[in-house]
Structure formats: C-alpha cells, structure tokens
Amino acid sequence: MSYKRTEISKEQVARQLAVCEEIKRELAAGSRAMVDTYGCQQNEEDSEKLRGYLAAMGYEMTDNEHEADVIVINTCAVREHAEQRVFGNLGALTHTKKENPNQMIAVCGCMVKQEHIVEKIKKSYPLVSLVFGPDELWRFPELLQRAREGKKRVYAPGEGDGCVAEGVPHLRDGKVKAWLSVMNGCNNFCSYCIVPYTRDRERSRRADDIIAEARELVAQGYKEIMLLGQNVNSYGKDLDEGVSFAELIRRINALEGDFVIRFMTSHPKDATPELFSAMAECEKCEKHLHLPLQSGSDRILKLMNRRYDAEKYLSQVEAVRSCIPDIVLTTDIIVGYPGETDEDFAATMRLAEKVRFDAMFTFIYSKREGTPAAKMEDPFTREQKQQHFDALLELQNRISEEKHREYIGKTVRVLIDGRDREEGVLTARTLGGRLVRISGDERLIGSFAETRIVDCNTWALRGELI
Ligand code: SF4
C-alpha cells in the first residue's frame, strides 16, 4: 500500500513553541485550560501533547469547564455512543460560554476526520471556534492563535496520509506509568472499524527518537512504559531502518533502570515468533499478550477482513505459549457481527473454551457509518445478540476465576501503581498485567514489591506484601 510519508521537521515544531511563547506574553495571569479526552490510549497520549502545548502557553490545567478559558475536546469515532456524548457535552457548554463569552472551545480527534461531523459542528455548534484532526495536532498553537484572533472559525480536519512530528511537549498524568507512541495509523481496514479512515496510514516513529524518549521517561522515574500503536506488530515496516518491533523491544530493554515495557495493540496476522522470543528473553518486557481474536468463526473473520482464520490464531497461541508457558493471554471479541449465526457464535465459544484466555473484552457489534460492515444485512435482534454476549461473558468469567485461583500461594513481583479509593487498598500489576490489590502505605506507589497471592475473584488477585 503506497503512501507518502510526511515527517514534520523539528524546526516546524520549534516554530509552534515560539507561538506558545507569543500567546504566553499576551495571556492574562491565572488563565486555565481543560482537555476532555474520549476513546483509546492513543487519544490519551495525544491529550498529553495538547496539555504540553497549553502549559507552554502559560495555561494552568483544570477539570472544571466553568473555570476554563480554553476547552479542547479530544474525540473518538470508534463507537456511535462516544459521538453522541460529545455532542451532548458540547450542548452543555453553551452555558459556560454564556458565563464567559471569551471562552475558546476546540474539537479535535478522530470524529472530525468525518466530513458529516465537521458540517454538523459548522451548522449547529457556533460556540466551537476551532476544529482540527489528529494529524494537525502538531500545529495546535498556530491554529489556536488564529482562532484567538477571532476573525473567523478555524477548520483543519487534515488531508493526506498522516504525518510524524517529533519534539511536541507532553504534560503527562501521573508519575508511574507513561504512554509512548511508537506508530500511528492502520492499514488493515477491518470491515467494522473506522480507525483507518480517521488515523490514516501506518507510519512509524524513528527508533532513535523512541529510545531517546524511553530513556528520558526512565530518567524521570517512570516505572512502566506502554508502547502504543493501532497495530504495533507492523512497527518499522514503513521505514528503511530495519528495526522490527521485536528489535525495538530489545533496544528499550537494554536501557539502564528498573522498569516494565508493555505494548498494545497486536494483530494476530502480524505477531511473529521473533516477537515472542524477544518477550521471553527481555526481562523488562511484560509477559502478557493482548491478541484481539474478534470471532472464532472463519466465515465471520473473512467478512471482518481480519486476514487470519481460527487455525492461524490457534497456532499463534501455541507459538507464544511454547515461548512463554505462563504468558497471560487476553483478547477482544465482537458479538453479533452482521449475519452472525448461532453456529458462528458456537465457533467463538469453542475457541474461547480451547484457548482459555486470562481475560476478554467483549463488545456487541456497533455499526459505524463509513465502514463496509455498516452496509451489511443485519437480521438478528439486539436481544439475540445480548443472549450470546451474556453466554460468552459467563464462560469467560468462569475461566478467568479458575486462572486466578492458580496464583493463590504463589509469590509474584508487582509494580504498585495506584490506590483503589473505594476499597482503600493499593493497586498493583504483575509482569503479566494481572491486577493485584494489596494493603499498604501509599508511599509504596511507584515501587516494585514481592507479593504472596492469598485470594482472588474473577477480576483481581489479592496479595500480601512480603
Ligand atoms: S487492526 Fe483492524 S480493528 Fe484494529 S485499528 Fe486496524 S482496522 Fe481497526
């Protein structure tokens, strides 16, 4: 698939930072900004860049829309529901805009890559002064400056195949776990998915830039680095550096420091034995693989354009388990894909029983306008799909609990990464990504600890610090 790779130069990003300085000189003291994020981890990471730019402009961050002088809504287009929520919240902002007529409201992210959405904002949401796509984020400062000049509303949804921009500042949440984007976009065009139309073609960041950022994060004290991409397994295929995703993991693993490398999302057709060996041999790399199956029926997998069948998927499971016998395997399943019969669903149940995933994220099919699947016949009712969904959940909950029971009495190394306020305990993750609840002092957050597992339920383990 040919595409034109666009690399935004460091000089171009430096000019954006100069615009931030200009805005800072004009900004009233105490000005505040808010970034409201919807959707996936890649959007979370984009929002860290938006906050990085806003902080460089001199804005303080707030979560309160009544206090904010600038509000940026970073949207998701994966499910209809997310879009409805965005328009609902935009409607609610008419009140804050009345309170503060100078309030700037911007909408960005995957939703605005759809023409009908931009038209809807133009016509029905005059309070929005700036609209820009995921690929225009690197020049957010100049776009915001133009909108601040207030002559007219600014629209930059973005054309073309996507770009790579280095040097955009991040303002990250937390001090323990960090997102690190290694690539963007997707070339797979699964029939139900809008991502290839909103995030464009796969383009990888250069390995040296990624490793420099990882080194910086470790130096700042981060203990977990989550490598992000819609399809991380095809990292580097669009570059002439000869660095595969497996090699990238090895190079990050070689960095000084005590930290964990995690990654998402993998695709069963692109995951390789080379990756599995790297995961096994790299002590800092997670022993968890999230491998979305989506369906156990070859007929449905074909309709979904997933480009693997159940047999191929099973061979990937065998390959990774032969490399890492206690690998934690999780997956995504879509129930109720258009035309999915009882027999198709039975194939999914059989595969779930055979693989015995540690955990599963299950979704009832959500129609997305603009995807091939949206045009398909869909004869089955929501109730029928719900019955299948409930049956799969029941099966998986039983397996998850049985798998968790196998940890009882074992000692595992965990990263203590937060606090469960409701339960008043610490939360931690094993190298396999399993959630462990532990009683202990908050000062332990951000440290590794040996833990004996004493109990469990379907969703989490309970541990005692050793
Ligand atoms: S691999 Fe498929 S489901 Fe995942 S982002 Fe790409 S097109 Fe969407």
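**Considerations on the domain arrangement of the protein chain**
Inference 1: Its domain assignment divides the protein chain into domain 1 (6–163), domain 2 (174–286), domain 3 (287–406) and domain 4 (411–465).
Inference 2: On a C-alpha basis, the centres of domain 1 and domain 2 stand 27 Å from each other.
Inference 3: Across the domain 1 to domain 2 interface the summed buried area is about 1,600 Å²; carbon plus sulfur atoms make up 48%.
Inference 4: For domain 1, the biggest contributors to the area lost against domain 2 are Gln41, Gln42 and Glu45; these three give 35% of the whole.
Inference 5: Counting the contacts that link domain 1 with domain 2 gives five salt bridges.
Inference 6: Between Asp209 and Lys10 there is a salt bridge whose closest N-O contact spans 3.7 Å.
Inference 7: Across the contact surface, domain 1 and domain 2 share nine residue pairs in polar contact (both at pLDDT 80 or more).

**A short note on the site of the ligand**
Inference 1: Around the ligand sit Cys186, Asn188, Phe189, Cys190, Tyr192, Cys193, Val195, Pro196, Gln230, His267 and Arg306, and that is every residue in its neighbourhood.
Inference 2: A breakdown of the residues in the shell around the ligand according to their chemical character gives seven nonpolar, three polar and one charged.

**Thoughts on helix 5 (residues 140–148)**
Inference 1: Listed in full, the buried residues belonging to helix 5 are Phe140, Pro141, Leu143, Leu144, Gln145 and Ala147.
Inference 2: Considering only its buried residues, helix 5 is in contact with helix 1 (10–26), helix 2 (41–56), strand 4 (70–75), strand 5 (104–109), strand 6 (128–132) and strand 7 (154–156).
Inference 3: Looking one or two places after helix 5, you find Gly150, whose phi comes out positive at around 65°.

**Description of the layout of surface pockets**
Inference 1: Computed from the structure, the second largest pocket encloses a volume of approximately 630 Å³.
Inference 2: As for the second largest pocket, its lining consists of 31 residues, of which Lys49, Ala165, Val168, His170 and Arg205 are closest to the centre.
Inference 3: The set of elements that each furnish at least two residues to the lining of the second largest pocket consists of helix 2, strand 8 (163–165), strand 10 (183–184) and helix 7 (207–219).
Inference 4: It is helix 7 that provides the largest number of residues to the lining of the second largest pocket, a total of five residues.
Inference 5: A per-class count over the lining of the second largest pocket returns 12 nonpolar, five polar and 14 charged.
Inference 6: When residues are assigned to domains, the lining of the second largest pocket turns out to be shared by domain 1 (6–163) and domain 2 (174–286), each giving three or more.

**Let's talk about the sheet that holds strand 12 (residues 224–228)**
For sheets, the rule is that strands pair by backbone hydrogen bonds, running either parallel or antiparallel.
Inference 1: On the basis of which strands lie adjacent, the open sheet formed by three strands has the order 9-12-13 and parallel pairing. If you trace the sheet from one side to the other, it starts and ends with strand 9 (177–181) and strand 13 (260–264), each paired once. Here the average twist between neighbouring strands, direction ignored, is 25°.
Inference 2: Bridge count for strand 9 against strand 12 is five bridges, and the pairing is parallel. When the bridges of strand 12 are listed, Ser181 appears paired with Leu228.

**Looking at unusual backbone geometry**
A negative phi holds for most residues other than glycine; trans holds for most peptide bonds.
Inference 1: In this model, Met264 is joined to Thr265 through a cis peptide bond whose omega is 10°.
Inference 2: Phi is positive for Phe189, which is not a glycine, with a value near 50°.
Inference 3: Of note, Phe189 is situated in the loop between strand 10 and helix 6 (195–198).
Inference 4: A relative accessible area of 25% places Phe189 in the partly exposed class.
Inference 5: The phi angle at Arg356 is positive, at roughly 55°, despite the residue not being glycine.
Inference 6: Structurally, Arg356 can be placed in the loop between helix 12 (342–355) and strand 16 (359–364).

Rules behind the numbers
Residues numbered from 1 in each chain as written. Predicted model: local features only at pLDDT ≥ 70, side-chain atom pairs only at ≥ 80, totals over all residues. Heavy atoms only, no water. Domains from an automatic or database assignment. Buried area = accessible area lost by both parts, 1.4 Å probe. Salt bridge = Lys/Arg side-chain N within 4 Å of Asp/Glu carboxyl O. Polar contact = N/O pair within 3.5 Å; in protein donor to acceptor, adjacent residues only side chain to side chain. Near = heavy atom within 4 Å. Nonpolar A, V, L, I, M, F, W, Y, C, P; charged D, E, K, R; others polar. Buried < 20%, exposed > 50% of the residue type's maximum accessible area, 1.4 Å probe, protein only. Helix = DSSP H or I, 4+ residues; strand = E, 2+ residues; numbered from the N terminus. Contact = heavy atoms within 4.5 Å. 1 Å grid on protein atoms, 1.4 Å probe; cavity = no way out; pocket = protein on both sides within 12 Å on 5 of 7 lines; lining within 4 Å. Points joined across faces, edges and corners; volume = space filled by probe spheres on them. Pairing = 2+ DSSP bridges. Axes fitted to C-alpha atoms, helices over the stretch in contact; angles between N-to-C directions.

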